[in-house]
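Coordinate analysis (summary)
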Amino acid sequence: MSLKPATVVATWSVSLDCDCPACAEHVDLLSYPDFWDGRRLEIPEHGTERSSNVRVQCPKCDHEFHVDLSY
């Protein structure tokens, strides 16, 4: 018995979500190109020196804060 080609496509989606401690805006850090500037992170990376105490900036209020990445 041969398999028929799939007619439905499943698309991966990845986000890195946090809430800004200053304005409470819900932020997907991956949707902002500046997040990747100068960073060498793998998508599911967590619990490493590179993924701990990561400095980020809220796109709404410009507040800078630190996050630990979790998966």
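One structure accompanies this document, and this report is about it.

1. A closer look at the overall build of the protein
Helix and strand content of the protein: zero helices and four strands. Moving toward the C terminus, one meets the helices and strands of the protein in the order β-β-β-β. On C-alpha atoms alone, the protein measures out to a radius of gyration of 17 Å, which is more than a quarter above the 11 Å that the 2.2 N^0.38 rule sets for 71 residues. Across the 71 residues that make up the protein, the buried fraction comes to 21%. Taking as baseline every contact in the protein between residues at least 6 positions apart, the subset at least 24 positions apart corresponds to 34%.

2. A short note on the side chain of Glu 45
Residue placement: Glu 45 occurs in the loop between β2 (26-28) and β3 (54-57). Looking at Glu 45, its side chain comes within polar contact range of the main-chain nitrogen of Glu 42, at 2.9 Å. Side chain to side chain, Glu 45 and Thr 48 meet in a polar contact 2.6 Å long. Not counting residues within four places of it along the chain, the set of residues in contact with Glu 45 comprises Arg 40, Arg 50, Ser 51 and Leu 69.

3. A few points about a nonpolar patch on the surface
On the surface, Val 14, Trp 36 and Ile 43 cluster together into a nonpolar patch covering about 270 Å² of accessible area. Mapped onto the fold, Val 14 is located in the segment before β1 (17-19). Overall, the relative accessible area of 47% leaves Val 14 in the partly exposed class.

4. Some words on the side chain of Ser 51
Relative to the helices and strands, Ser 51 is located in the loop between β2 and β3. Under the relative-accessibility criterion, Ser 51 is labelled buried at 1%. One polar contact links Ser 51 to Thr 48, side chain to side chain, over a distance of 3.0 Å. Excluding residues that lie within four positions of it along the chain, Ser 51 makes contacts with Leu 41, Glu 45, His 46, Val 67, Asp 68 and Leu 69.

Definitions and limits used
Residues numbered from 1 in each chain as written. Predicted model: local features only at pLDDT ≥ 70, side-chain atom pairs only at ≥ 80, totals over all residues. Heavy atoms only, no water. Helix = DSSP H or I, 4+ residues; strand = E, 2+ residues; numbered from the N terminus. Rg over C-alpha atoms; globule rule 2.2 N^0.38 Å. Buried < 20%, exposed > 50% of the residue type's maximum accessible area, 1.4 Å probe, protein only. Contact = heavy atoms within 4.5 Å. Polar contact = N/O pair within 3.5 Å; in protein donor to acceptor, adjacent residues only side chain to side chain. Patch = residues over 30% accessible without salt bridge, like charges linked within 9 Å, V, L, I, M, F, W, Y side chains within 5 Å. Areas by Shrake-Rupley, 256 points an atom, 1.4 Å probe, with all protein chains shown as cover. Salt bridge = Lys/Arg side-chain N within 4 Å of Asp/Glu carboxyl O.

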